[in-house]
Structures are given as C-alpha cells and as structure tokens.
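# Fold and geometry: a report
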Amino acid sequence: MSSVPEMSTENNGKWLDAHYDPVANLYTFSSCIALADLHGDGENKLVVGDLGTGSSNMKLKVYRGTGLMSENMLLDLPTGLVSFLMDQHEPRTPAIAVASGPYIYVYKNLRPYFKFTLPPLEVNALEQDVWNQAREDMIDLLSLKEMLDDIRDKADVPLSVRSLRFLVLDPQEMETFVNLYKEQPIRRQTVITCIGTLKKNMADEDAVSCLVIGTESKDIYILDPEAFTVLSKMSLPSAPTQMDVTGQFDVEFRITVACRNGNIYVLRRESPKPKYCIELSSHPVGLVRIGKNVVVGCSQETLQGFTQKGKKLWTVCLPAPVTAMSVMDLPTRGFQAVLVGLANSEVHLYRDKNLISTIKTPDVVTSICFGRYGREDGTLIMTTKGGGLIVKILKRTAVFDDRDSAPGPPLAQSIRLNVPKKTKLYVDQTMRERENSVAMHRAFQMDLSRLRLAAARSYVKALESSLPPMSSSLSEPLRMNAVVQGLGPSFKLTLNIQNTAACCPVMNLAISFLYDESLYSMRTAFFKIPLLVPGVNYPIDTFVECLSDKGISDMIKVFVLREGKSAPLLTAHINMPVSEGLALN
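Residues numbered from 1 in each chain as written. Predicted model: local features only at pLDDT ≥ 70, side-chain atom pairs only at ≥ 80, totals over all residues. Heavy atoms only, no water.

## A look at helix α2 (residues 141-154)
For α2, which comprises 14 residues, the first-to-last C-alpha distance of 20 Å matches the rise-based estimate of 20 Å (1.5 Å per residue) to within 8%. Within the sequence span of α2, burial applies to Leu144, Leu148 and Ile151. Along the axis of α2, the buried residues cluster in a sector spanning 60°; they form a single face. Exposed residues on α2 whose side chains face more than 90 degrees from its buried face are Leu142, Glu146, Asp153 and Lys154. Next to the buried residues of α2 lie α1 (125-135), α3 (161-167) and α4 (171-181). (Helix = DSSP H or I, 4+ residues; strand = E, 2+ residues; numbered from the N terminus. Expected span 1.5 Å × (residues − 1). Buried < 20%, exposed > 50% of the residue type's maximum accessible area, 1.4 Å probe, protein only. Arc of directions from axis to C-beta. Contact = heavy atoms within 4.5 Å.)

## With respect to the layout of surface pockets
Summary: where empty space remains is shown by rolling a probe the size of a single water molecule over the atoms. Reported here for the second largest pocket is a volume of approximately 330 Å³. Among the elements of the structure, α2 and α3 are those that each provide at least two residues to the lining of the second largest pocket. For the lining of the second largest pocket, a count of residues per class yields eleven nonpolar, four polar and four charged. (1 Å grid on protein atoms, 1.4 Å probe; cavity = no way out; pocket = protein on both sides within 12 Å on 5 of 7 lines; lining within 4 Å. Points joined across faces, edges and corners; volume = space filled by probe spheres on them. Nonpolar A, V, L, I, M, F, W, Y, C, P; charged D, E, K, R; others polar.)

## Here's the deal with the sheet that holds strand β24 (residues 346-351)
Ordered by their spatial adjacency, four strands build an open sheet running β22-β23-β24-β25, and the pairing between neighbours is antiparallel. With partners counted over all chains shown, the strands left at the sheet margins are β22 (322-330) and β25 (354-360), one partner each. Each adjacent strand pair in this sheet contributes to an overall mean axis angle of 25°, direction not counted. The pairing of β24 with β25 spans six bridges and is antiparallel. Residue pairing across strands places Val347 opposite Ile359, the latter belonging to β25. (Pairing = 2+ DSSP bridges. Axes fitted to C-alpha atoms, helices over the stretch in contact; angles between N-to-C directions.)

## Structural notes on the packing of aromatic side chains
In this structure the tally under the stated criterion is seven aromatic pairs. Ring plane angle 50° and centroid distance 6.1 Å describe the contact between Tyr103 and Tyr105, whose orientation is recorded as tilted. What makes Tyr105 buried here is its relative accessible area of 14%. Ring centres 6.0 Å apart and planes at 70° place the aromatic pair Trp131 and Phe166 in the edge-to-face group. (Phe/Tyr/Trp six-rings, centres within 6.5 Å; stacked < 30°, edge-to-face > 60°.)

## A few points about the nonpolar core
One finds Leu478, Ile511, Phe513, Tyr520, Ile529, Leu532 and Val558 to be the most contacted residues of the largest nonpolar core, which totals 29 residues. Of all the secondary structure elements, the ones that give two or more residues to this core are β29 (478-485), β30 (490-499), β31 (509-514), β32 (520-522), β33 (526-529), β34 (537-546), β35 (555-562) and β36 (570-575). Discounting residues that sit within four places of it in the chain, Phe513 has contacts with Leu493, Leu495, Met522, Thr524, Ala525, Phe527, Thr542, Ile556, Lys557 and Val558. Core analysis: the second largest hydrophobic core is formed by 20 residues, Phe335, Ala337, Ala398 and Phe400 among them. (Core = buried A, V, L, I, M, F, W, Y, C linked by side-chain atoms within 4.5 Å.)

Next up, the structure:
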C-alpha cells in the first residue's frame, strides 16, 4: 500500500498515516463499509456503499490499496452492506450483499448475481374494498378520500403507499392518480433498515453465513445463503436501526437490536419475541459487541456498557456527540476495544470504560472500519463528512496501556471486590430483619429522635452559658483556648484569644477567673484585655498556686467580659491537673 506524507494530526505514535484523500467523494456510514477478499488472492479490498448526493449517483465502490478498482451503480440509497460466503464452492470468494429499499442485491465477483425482495405485507381489507369500489366507479373522489382517511385513523393495519400518496394530493390531481392506479393490485411493501450476517453451522472464519435483515415493519428475517428463503422470522416492538449478530443458526445465536423507540432488545434461537430488553435514557446511535458485553453510544454524549442480559456495567461521558462506532479486534494480540468517532474531529479508543488512545482527524468522521486491508492486519479506515478517505496502519510496536488516559478516578476503583459467600448467620439475620422490619425501624427512629433531642439540649445549654470555644455574638466574634503548663505547685495558665472578625477590632474587654480560694491562689484574678486586631492571636499569661497538699484538683472558670454587659461573651472551664510537686514534698 502506498503512503503519503504524514498529516499534521496527533496520533501519539501508535498509528502510521498510510493514505489521506480529502476529495475521494465518499459519503457513507459504518453500516455501508466492509473489508473482503473478493478474488481469493489473500488481499482484502475495501467495499463501500456510496450514498452519493442522497437522491442520485449512488454507487458500489471497491478500493484496492489507495486507488478505486471498480464501481457499480445502485438504484436506491444503500442502508447496509455485508460480505458473506454463500456456498462451499472453490475458489472460496465471498459475495457482497447490499440492502437498498425492499431489496437485497447480491454481487458475486463484483457482478450482479441475485436480487432478493422482501415478502409483501398484509393489505388492509377495508382499504382493498374501497379501491375496488373506486375501480367500479361506485364512489366519487371525495368519498374515497374521506373513507381512506377514516381507515388510516382507526385501522390496525397501516395503509399502503398508494393510499398515503393519494391522501396528500391536491383535488385537481386526484382523478389522474386514480385512473392511473385503480386497475393495479394494491401492494404494501416494507423496506430494510439494517443488515448483518450469522454463521450457518460452523464458527470458522470461512464458514457459510446467513443474512439477517431488519425491516421497517418491526420484523427480523434470517435468510438461507443459497436459496434465499426465509429460515426464521422474529418480531420486535419497534423498527430496528442497528444490530449485532453472534453465534450459529443451527446451534445457538443472539441478535442484539437497537430500535427506534430508544430500547435495545436481545433475540435468541427459537424465540419469536425478544428475550431481554435494555431501556436507555436516550436514543442509541451506535451498537457494538465486545466479548460477552454490549457497548452502546447514546445521543446524550455517553458511552454505556451492558451485559448480555441487560445489566448496566459502566457509563462514560464523551466530550462530543457520537458520529460512528466500530470494533477494533486484533486476534493475534488478543486485543479488543471500541473505536468511537466524535463530532469534534476525534476518534477515541476505549477498552471497557478506559480511554486508552485518541486520534485527531482533519474532519468529522462518519464511518469507521478496522481489519485486514491489503495484506496489513491492523488497518483503520475512516471516511469524513466532507467525503474524504483516511487510512491508518497500527504500528507493530504499538502498546496500549490499560490505565485510563482521561482524568478521573483511579482504575482500582472499578475493580470488583471479592464479596464472600452468604453464611447461615447472614441468612438468619436477613430473615429476622424481614420479619421484624417495622419494629426495628420504629426503635431506630426513636433512638435517633432521642439522640437529636440530647444534642439540641446540650447545644442550647452551651449557648446559654457561653461554653462554646467561639462566641455567638456577631459584634464580638471571639475564639479562645487555654493551656496549663507545669507540675505544681505553681502552674502557668496561658489564654490564647483571637478576634475572628473580618475587619473590625474589639476593645473594652476584660478577663475574670472564678476558683476555690482554699485550693488555689492567683496573683491577678481580673485584668483588662488590650485592643484585639482581627486575625491576630493574643497570648495572655498568669500564674496559679496550688495551696493544698492532699493531691486533689478542681476546676477554674474563665470569663471574657465586656463593659456594660452582665452575661459573659465566652466561658472556659479549665480542669486543673493534680499538683505533683506537693505530693513529692
């Protein structure tokens, strides 16, 4: 594969820029792109269902290396494209199936091989009767419109496209339309919304595969790869938009389907209706399978992981809306991850919920495909919103760390704890709690109320006696703590007083001590405090003499007073230590 000079994009040294064509005129999505060995020569080609302008110029394009190898015109917009082996004939070359409207076009050796048409749907009996009357000229045009309008509002079976088109016509166009179509039989045809492949009876890479298609009529069809007959039909509550298929049709399989109602359903063998349902908070825009888990990209800029049974495992918030998703599978390294294209021109690589790599792109990516291209196994192919084609090759020396490169909690936080098995004591306690739940709840509430009452009473008492270490006054916000030093009989008492106000100083304060005069004596039991500047700690020292030699101690109360007020601003109770000096004497 030829290469071009490296683009000025940040790919952190793990990818080689093999090719970039900003004017390739490729407009497609991930569902319409595939890699396949079309000629059995061991060299994979890139097959793209090009949407063209949306109304014309739709083509099936095949790239080899960096050049366009061939192209075929498509009659309608492609909704999906897959490569599959449809028989055991040699050489083992895969066919290409392109879903477009109600048809599947099968190409073999890049030539049209077979065209499959979806089975027609049931026609409303009342609608059929109304058109029969119109064919016999038994009713006029206005009556025909009124009757069809009434059927559309009340009938369980939807109207056909013919009737719906008739209802939106202007009155002067109705007669021409009826005369043109009234002799033709009514047909109600659905269209294909998504397509996938399912191995028939073997899990080998070169095994024969069945086609799995989802339709607008809320049905899933599994087609035989040779006769193209319907092997199985399953129903869904809503129209499918994306699907992922795993397993074998003759053994066991799972079809995970994202539907238009915002839910994901899991279908299994011999189950005509969904087995599991995953309800999402927003509509899914991407769906891939990693091992036994399902990873879903949502429209609310999140990436979510689920088990096969619908249990949510993790959620990752993304920096921008999701535009494309694909699986990065390297069997030789045993490595699987999810490639997520974002609207901010970045492609993020996630392993579980850990972001392990980020690729900058020159434009918003609309489709992603990873696999073997040419003879290179680790090739990443992307198309952009402007029609460009980007090809990158994973370096053989590239190593992806399991740790998350995005900021957030550590990886160890997501590791599940080894919870021990339930013991008999645990089960007995659980049964006791179930049987006496009401009484236990009432006892808990009673104890909680008593605790709250005791705390409230203690708080009120402390406020009334000014016991808290900080004053409750807004005009004199003070903080005080006391330190006693010494062994006795002389103790040094240090009071640390601080003004906690923002800018206002405090003045005209005094300190008074209250103590048992038979046990202690103080040189100064009352003195004034200098002006207190906000934020400065003022240490105030005094000395206490213990008078008793009986080895007892008592409490000294400290009051911070303000002139003209009878209630103290702060109160501190100091538990004096026993005088060890007298005991030694």
